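Residue-level structural notes
Each chain, written out:
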Amino acid sequence: MLVVMQAHASEDQIRAVCQKIESLGYRAHPIPGAERTAIGITGNQGEVEPGTLEEMAGVQEVIRVTKPYKLVSRDIKEDNTVIRFPGSTATIGGSALAVMAGPCAIESREQAFAVAERVARAGAQFFRGGAYKPRTSPYSFQGLGEDGLRILAEIRDQFGMRIVTEAIDHESLELVEDYADIIQIGARNMQNFSLLRRAGRSRKPVMVKRGMAATLEELLMAAEYVMSEGNYSVILCERGVRTFADHTRNTLDLSIVPAVQRLSHLPVLVDPSHGTGKRNKVTPLSRAAVAVGADGLLVEVHHQPDKALSDGVQSLYPDQFDELMAQVRQIAPVVGRTIPPIGSDPPLEPAITPRSKVRTSAPSLS
Ligand code: PEP
Ligand code: MN
């Protein structure tokens, strides 16, 4: 059920409707839009009796939502969700493209800084690197854990990039939410419903990657889990699905971008690195992703890919990333998008180490 408020409804009227919904034993999710606020109702087993709500001041109409997902749907919010970051010009979901780049894993301070310096110089506003790696083999490098998070926090301070890193379980999420600006939920955890709920209780934006065999609806339902807990800053990411085709690691499904945009107000990024698994395919598919209307890219870059502890074969050399950025800068305006100029976000304060100070503020949403 969805309560659509009138365009001029006051804050008090919105609050009163939320209180009414809560008093009926349900959860109210007020989602402000460009024109008006809509209030999603969750927690109801069956039909909600619309009568009482319909009569309340400021209510325009009460609509039954027939789709399995509610809060991710364009029914509740017609305009795109734009995620903003305090102290940064970076946005996700607006007209500017969000470019996330970095190594698959943080391997050492030297490695992370070497890559960060290059991707920042090329214009990436988000630095992405794993401190907790979900590896197929238990004997492979599993990530530096909290030491890796500390390195990421230093990179944010030094280069002014926002930090994106994966949480693989509840324990790592506790730490990741303290250090990162965006919590990544990886493909393998897309249907880890308890982890999704936990991420939904965080105040940091959550990027949900598509599961290896997930349908569009399953991806949207994963985002719904996060939103149902009250965190409305969710980003979707297409990273390829497994098919019979074996010329690439996964089959990158670019058609999901317009399909998501039709159904949902949430931003959707494309990861051509995991999507193809091959360095020589990352730039062509990045061009295609921007052309198809993606809200941004996630690209793995390593200064010494042949020495990388994970995903070296799909990692771009920094020079190749420069070239990728130059190409997508040309394509973006053709589809009505921009890429913020290099150096839009100056470095923050000099490195801060104690964990209490590393905490970053919650983003704002529109
Ligand atoms: C990653 O982003 O490094 C990663 C492990 O990706 P995915 O979860 O899409 O496999
Ligand atoms: Mn990787």
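These figures come from a predicted structure and were not determined experimentally.

**A few points about the domain arrangement of the chain**
- Parsing the chain into structural domains produces domain 1 (2–63) and domain 2 (83–335).
- Summarising the inter-unit geometry, the C-alpha centres of domain 1 and domain 2 are found 34 Å apart.
- If you look at the interface, domain 1 gives five residues, while domain 2 gives five residues.
- Between domain 1 and domain 2, the buried area comes to about 380 Å², and carbon and sulfur atoms account for 50% of it.
- Ranking the residues of domain 1 by area buried against domain 2 places R27, H29 and I31 at the top, with a combined share of 80%.
- Summed over the shared surface of domain 1 and domain 2, the result is zero salt bridges.

**Remarks on the coordination of the manganese ion (ligand 2)**
- Taken together, the protein ligands of the manganese ion (ligand 2) are C104 (SG), H274 (NE2), E300 (OE) and D311 (OD), with distances of 2.0 to 2.4 Å.
- In primary-sequence terms, the residues that donate to the manganese ion (ligand 2) follow C-x169-H-x25-E-x10-D. One end of the pair, C104, is in the loop between strand 7 (98–102) and helix 3 (109–122); the other, E300, is in strand 14 (residues 296–300), and 196 residues separate them in sequence.
- A relative accessible area of 4% means that C104 is categorised as buried.

**Digging into a negative patch on the surface**
- A contiguous patch of negative charge on the surface is contributed by E49, E54, E55 and E61.
- Looking at the element boundaries, E61 is found in strand 4 (residues 59–63).
- Taking relative accessible area as the criterion, E61 reaches 36% and is therefore assigned partly exposed.

Reading guide: rules and limits
- What you see as residue numbers is a count from 1 along each chain, following the sequence as written.
- Each chain gets a letter, beginning with A, and each ligand a number, beginning with 1, in the order they are written.
- Local features are withheld for residues below a pLDDT of 70 in this predicted model, meaning they are given only at 70 or higher, and side-chain atom pairs are given and counted only at 80 or more; totals for whole chains, interfaces and linings count all residues.
- Side-chain calculation: all heavy atoms of the structure are included, whereas hydrogens and water are not.
- What fixes the domain bounds is an automatic or database domain assignment.
- Between two residues, a contact is recorded if the distance between any of their heavy atoms is within 4.5 Å.
- As a working definition, buried area equals the accessible area (1.4 Å probe) given up by two parts on being put together, with both sides summed.
- By salt bridge we mean one thing: a side-chain nitrogen of Lys or Arg within 4 Å of a carboxyl oxygen of Asp or Glu.
- In this description, a donor is an N, O or S atom within 2.8 Å of the metal centre, a cutoff extended to 3.2 Å for sodium, potassium and calcium. Water is not part of the atom list, which can make sites seem incomplete.
- Counting from the N terminus, the helices are DSSP H or I runs at least four residues long and the strands are E runs at least two residues long.
- Buried, partly exposed and exposed residues are distinguished by accessible area as a fraction of the type maximum, computed with a 1.4 Å probe on protein chains only: under 20%, between the cut-offs, and over 50%, respectively.
- Excluding any residue in a salt bridge, patches collect residues exceeding 30% relative accessible area, merging like charges within 9 Å and nonpolar Val, Leu, Ile, Met, Phe, Trp and Tyr side chains within 5 Å.
- Only the protein chains shown count as cover for residues, with accessible areas throughout obtained via the Shrake-Rupley method and a probe of 1.4 Å.
- His is not counted, nor are the chain ends; Lys and Arg add positive charge and Asp and Glu add negative charge.
- One atom stands in for each charge, and that atom is NZ of Lys, CZ of Arg, CG of Asp or CD of Glu.

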